[in-house]
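Structural characterization, general
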Amino acid sequence: RRHLLQASLSRRTAVETPHSTGRAMANSAPEFHFTEVERLVLLSMMDAFFADFGEAAAKDFAANLRLRAPTVDEDDLVAFARRSASASADDMVSLVAGKITSGPVHDGEKLRVLFRALSSRLGCKVLTGKLGPFYKLSTSDAQEVIKSWLCSPLAPMRELGKSMKLLAAFAAMALHPNWKAIGYSRPDLQAMRESARKMQGFDFSACRVAVESPQPMPSNQEPQPQEIICDCVVVGSGPGGAVLAAELTEAGFRVALLEVGQWQSSETQTCSEREGFRAAYQMNGNLFTEHKDLTILAGSALGGGSAVNWSCCLPPPQQVREEWARDFGIEWAASEEMQQSVEQVRQRLAMHTKGVKLNAANQVLMRGCERLGYQSEVAAQQGWEPESPDNGGLCSLGWKHGSRQGMHGSALADAARTGNLLLLDGCRADEILRDSLGRACAVRATVRSGRSTRQVIVRGRGVVVAGGTLQTPQLLRRSGLKNKHIGRHLHLHPAMLVWGRFDEEIRHFEGAPMTTVSRVVEDQDGRGYGAKIFVPNFHPVTFSALTPWQGAKEFKESLTGYAHAAPLLSLVRDQGEGKVWEDAAGNTRVDYTMTSQDKKHLMSAGEHAARILVAAGGRGGGSSP
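Note that the coordinates shown come from a computational prediction; the quantities given were computed from them, not determined experimentally.

Attention now moves to the overall build of the chain. When its secondary structure is counted, the chain shows 22 helices and 16 strands. The C-alpha radius of gyration of the chain comes to 25 Å, within 12% of the 25 Å expected for a compact globule of 625 residues. A principal-axis box enclosing the C-alpha atoms of the chain has dimensions of 80 × 65 × 50 Å. Considering only contacts in the chain between residues 6 or more positions apart, those separated by 24 or more positions represent 75%. Only carbon and sulfur atoms are counted for the fraction: they give 52% of the accessible area of the chain, which is about 28000 Å². For the chain, the distance from the average position of its 72 positive side-chain charges to the average position of its 67 negative side-chain charges is 3 Å.

In structure tokens form, the structure reads like this:
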């Protein structure tokens, strides 16, 4: 291994020939502020989504739900039914403005035009069929307008309805007062942090490279980039970049690791969805395909996707490996050498099935499959989670501080212990620089610290790009590569959610998700294409975003079933393809369309998931594509 790595890092002439001057960090939307009239439009729209039922209707609502949710206090249910969006107007407006600010520039511009149009009589008439302004419509009229948007045959109108629904779900369920009625309680942050301290996770602050503040320069001059020298530059700290960094540093090479996300210790994490999306996901969790048909949750933190994914570890299926070898010429994939590599990864990540704890939702999956004769199994997990109040339930928010959990707990920690790792977190790779022979020799990057940024050039004898499916193509394009396939052939493994409501509390958000899996519909065509069924993990904001909106009463009623819901997620191995690119503002754009075959496989999986829930004792439920 050492000889191979040394050969790949043979010295090169470091005379770079940049393709361009490089773009600074992707432009984020300017801070969004509502005018007074736009604020009125927003609140009236949010009130339509999340309405006050009135005292009599609220008491009936609470009395009916108490029969199905006896553990929730009736007064809390009445308060929930009475609470409208405008009841916490300042908080609601602040949350929505913050969400828009953290999203793509073009989304903020579209919403500004929308709010202005709805604040006028004629603009409201064009968009809603009713004379405006929108804030003067009755709640029932506003709800009918929203329903028409969500079901419109016109894609722009459906996109508008989805955008507003997602904003309403985020703003309503990010507010703590609504949690009691759905059976959710705020995690004990001090107890969480204390459990993390006992695990003695690696402190990456010692590996961080100190980026100097630029010297004052005349207004017409740009400061010179800070230069950093190493043996190899690795862009991306996810499973690809992290393992490579470990291999290189253990072989004696000095590695500079560039990661656009930032490392957070347990002392700085808050275990909230609002902060978790902002700190650990690409585009703050606001990444969608065009027309918002699919939501893409992609990690952006130290450890990449491993920092927020569930700890389930499933080896590559044999049919997939054989397809790689047969159809794409990667003969190594089907070889014994590949199998040996899988075993090495299994050991490095401490993958295991012994002693895996199943929460109530995972027990539902196993019980339902057993009664139906469907295949199911305990899914191997990476590392060991700490004994903490969430029991692994906050992993999707970046709370992974157990032994060997995530890349930051395994491969990156291994790399850091060698003393050969230089960490630049909060660092966006803008462009790969090349020498006179066209070989990569450096990376021009931008390091973010708070609201300030600093340009750096990181030089090495080799450059590895492991920025993930979405970011690697954009970096290659920014660096002048022209291959027509860059950014194309994108697979997203679309998913469908089905949940069942049970008489007893399930509390699927407590305990680790995906500790079981069913492969009953994994191979629907004899070629290994189909779907896996497993138990996801959703906290209030995510659950409300996935809950269909068919009216304020139905929406709130569905949310009150949160603690009694057992969700099953069907994830399809897709044959359809999409593409990813970077727009003029530096934002990630994704276009993707499912094939009819993928839809058929997903619908079959959703049907099987529903049968599993019924067999396990579920009574009613819902689904979300």
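Let's shift gears to the sheet that holds strand β3 (residues 255-259). The pairing of strands in a sheet happens through backbone hydrogen bonds and is either parallel or antiparallel. With parallel pairing, 4 strands are arranged side by side in an open sheet as β5-β3-β2-β9. Each edge of the open sheet is held by one strand with a lone partner, namely β5 (421-425) and β9 (462-465). Going across the sheet, the axis of each strand differs from the next one's by a mean of 15°, ignoring polarity. Packing against the sheet, helix α12 (residues 239-250) makes contact with β2 (232-235), β3, β5 and β9, and its axis sits at approximately 165° to β3.

Right, let's get into the pairing of strand β7 (residues 440-449). Most of β7 sits out of view: 8 of its 10 residues are buried. Turn length for the strand β6 (residues 427-434)-β7 hairpin, with the two strands adjacent in sequence and antiparallel, is 5 residues, and the turn residue glycine 438 shows positive phi of about 85°. By the bridge criterion, 8 bridges tie β7 to strand β8 (residues 452-459) in an arrangement that is antiparallel. Residue pairing in the sheet places valine 447 in a bridge with arginine 454 of β8. Between β7 and the antiparallel strand that follows it, β8, lie 2 residues; glycine 450 among them carries a positive phi value of about 65°.

As paired strands, strand β1 (residues 226-229) and β8 are joined by 4 bridges and run parallel to one another. In the sheet register, glutamate 227 faces β8, and the bridge partner there is isoleucine 457.

Attention shifts here to the sheet that holds β1. With respect to topology, 4 strands assemble into an open sheet ordered β1-β8-β7-β6, the strand pairing being mixed. Every other strand in the sheet has two partners, leaving β1 and β6 as the edge strands with one partner each. Going across the sheet, the axis of each strand differs from the next one's by a mean of 25°, ignoring polarity. For β6 and β7, the ladder comprises 7 bridges, and the chain directions are antiparallel.

Right, let's talk about helix α19 (residues 468-478) for a bit. Within the span of α19, buried status applies to Leu470, Thr472, Pro473, Gln474, Leu475, Leu476 and Arg478. Packing partners of the buried residues in α19 comprise β2, β6, β9, β14 (578-582) and β15 (588-592). Directly after α19, the chain includes glycine 480, whose backbone phi takes a positive value near 95°.

All right, on to the side chain of serine 152 then. Topologically, serine 152 is positioned in the loop between α8 (139-150) and α9 (155-173). Non-local contacts of serine 152, meaning those with residues more than four positions away in its chain, are made with Met157 and Arg158.

Tallying each qualifying case throughout the model produces 16 aromatic pairs. Ring centres 5.6 Å apart and planes at 55° place the aromatic pair tryptophan 499 and phenylalanine 543 in the tilted group. Taken together, the residues span a long stretch of sequence, with tryptophan 499 in strand β10 (residues 495-501) and phenylalanine 543 in helix α20 (residues 540-546) at a distance of 44 residues. The exposure classification of tryptophan 499 matches that of phenylalanine 543, with both residues buried. Between the aromatic rings of phenylalanine 509 and tyrosine 562, the centroid separation amounts to 4.7 Å while the plane-to-plane angle is 5°, which identifies the pairing as stacked. In this pair, phenylalanine 509 sits in the loop between β10 and β11 (516-518) while tyrosine 562 sits in the loop between α21 (552-560) and β13 (565-572), placing the two residues 53 residues apart along the sequence. Judged by its relative accessible area of 0%, tyrosine 562 is buried.

To continue, consider α8. Its 12 residues give α8 an end-to-end C-alpha distance of 17 Å, which sits within 8% of 16 Å, the value for a rise of 1.5 Å per residue. When α8 is considered as a whole, its buried residues turn out to be Ala142, Gln143, Val145, Ile146 and Trp149. Viewed along the axis of α8, the buried residues span an arc of 160°, placing them on a single side of the element. Among the structural elements, α2 (36-49), α6 (105-118), α7 (121-128), α9 and α21 are those in contact with the buried residues of α8.

With that settled, consider unusual backbone geometry. Backbone torsion omega between glycine 132 and proline 133 reads 5°, so that peptide bond is classified as cis. Within the secondary structure, proline 133 sits in the loop between α7 and α8. A positive phi angle is found at alanine 350, which is not glycine, with a value near 55°. Considering the arrangement of structural elements, one finds alanine 350 in the loop between α15 (336-348) and α16 (360-372).

Note that side chains of opposite charge can pair when their charged atoms are close. Scanning all chains against the criterion turns up 41 salt bridges. Close ionic contact of glutamate 194 with arginine 197 constitutes a salt bridge, the shortest N to O distance being 2.6 Å. Of this pair, glutamate 194 and arginine 197 both sit in helix α11 (residues 189-199), 3 residues apart, roughly one helical turn. Taking relative accessible area as the criterion, glutamate 194 reaches 36% and is therefore assigned partly exposed.

What follows is about the packing of α2 against α6. The relative placement of two packed helices comes down to the angle between their axes together with the axis-to-axis distance. Orientation of α2 relative to α6, taken along the N-to-C sense of each, is 90°, at an axis distance of 9 Å. By the angle between their axes, α2 is roughly perpendicular relative to α6. Mapping the contact onto sequence places Glu38, Val41, Leu42 and Met45 in α2 and Arg112, Phe115, Arg116 and Leu118 in α6. Residue composition of the contact of α2 with α6, grouped by class: 5 nonpolar, no polar and 3 charged.

About the thresholds
Residues numbered from 1 in each chain as written. Predicted model: local features only at pLDDT ≥ 70, side-chain atom pairs only at ≥ 80, totals over all residues. Heavy atoms only, no water. Helix = DSSP H or I, 4+ residues; strand = E, 2+ residues; numbered from the N terminus. Rg over C-alpha atoms; globule rule 2.2 N^0.38 Å. Contact = heavy atoms within 4.5 Å. Areas by Shrake-Rupley, 256 points an atom, 1.4 Å probe, with all protein chains shown as cover. Lys, Arg positive; Asp, Glu negative; His and termini not counted. Charge placed at Lys NZ, Arg CZ, Asp CG, Glu CD. Pairing = 2+ DSSP bridges. Axes fitted to C-alpha atoms, helices over the stretch in contact; angles between N-to-C directions. Buried < 20%, exposed > 50% of the residue type's maximum accessible area, 1.4 Å probe, protein only. Phe/Tyr/Trp six-rings, centres within 6.5 Å; stacked < 30°, edge-to-face > 60°. Expected span 1.5 Å × (residues − 1). Arc of directions from axis to C-beta. Salt bridge = Lys/Arg side-chain N within 4 Å of Asp/Glu carboxyl O. Parallel < 35°, antiparallel > 145°, perpendicular 65-115°, else oblique. Nonpolar A, V, L, I, M, F, W, Y, C, P; charged D, E, K, R; others polar.

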